[in-house]
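What follows is each chain in one-letter form.
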Amino acid sequence: MSLRLTPRTAVAAVFALHGAVGGSFATRIPWIQEHVGAGPGGLGLALLAPALGAFLAMPLTGRIIHRRGARTVTRATALLFAVALVPPSLAPDLALLWVLLLGYGVLGGVCDVAMNGLGVEVERELGKPVMSSLHGM
């Protein structure tokens, strides 16, 4: 017995996963700050790393999608993005935390672009706008 999802449901699930990973990370921030012994300034710099990673990765993602397809890139990066949630919580110091959060941001950014590209494909297949409902996930 296999579970068959419609393309819209499958993409909506990825949007929900992406939001859940980001939300789960946000709830870990106070613990991570205490674990690495970071002050507010150090933590602030570390929290720039995910945004920087996404900023650097997003412009290159179109090329990756063109070569591999939005579906393949979404599948791979959604899984890796979820897994990338764990290592920052285990970082022993601020420097490693920064590196791990940079990678977390890269994966989140690539996944974000790929899943939105996949959402556009689903809209085309359905012949109606569904992107706002996907973002609502």
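The preceding data block contains the structure.
This section reports on the structure supplied with the text. (Residues numbered from 1 in each chain as written. Predicted model: local features only at pLDDT ≥ 70, side-chain atom pairs only at ≥ 80, totals over all residues. Heavy atoms only, no water.)

A few points about the packing of helix H2 (residues 40-68) against helix H3 (residues 70-83)
Formally: Where helices are involved, their axes are fitted lines through C-alpha atoms of the stretch in contact, as for all axes, and angles between N-to-C directions lie from 0 to 180°. Strands here mean DSSP runs of E at least two residues long; helices mean DSSP runs of H or I at least four residues long; both are numbered from the N terminus. Contacts are assigned to residue pairs with any non-hydrogen atoms lying within 4.5 Å of each other. For this classification, the nonpolar set comprises Ala, Val, Leu, Ile, Met, Phe, Trp, Tyr, Cys and Pro, the charged set comprises Asp, Glu, Lys and Arg, and every other residue, Gly included, is treated as polar.
Packing of H2 against H3 brings their axes to within 7 Å, and their N-to-C directions diverge by 115°. Where H2 approaches H3, its residues Ile64, Ile65 and Arg68 are matched on the opposing element by Ala70, Thr72 and Val73. Each residue belonging to the contact of H2 with H3 can be placed in one class, and the counts come to 4 nonpolar, 1 polar and 1 charged.

Focus on helix H5 (residues 94-126)
Threshold: Here, expected helix span is obtained from the residue count minus one, scaled by 1.5 Å. Any pair of N or O atoms that falls within 3.5 Å is considered a polar contact. Within protein, one atom must be able to donate a hydrogen and the other to accept it, and sequence-neighbouring residues count only if both atoms are side-chain atoms.
Compared with the 48 Å implied by 1.5 Å per residue over 33 residues, the 47 Å span of H5 between its first and last C-alpha is a close match. The N-cap residue of H5 is aspartate 93: its side-chain oxygen and the backbone nitrogen of alanine 95 are 3.2 Å apart. Of the residues one or two after H5, glycine 127 is the one with positive phi, at around 70°.

Looking at the environment of valine 110
Along the chain, valine 110 falls in helix H5. In this view, valine 110 contacts Ala57, Thr61, Val73 and Thr77; residues no more than four positions away in its chain are not counted.

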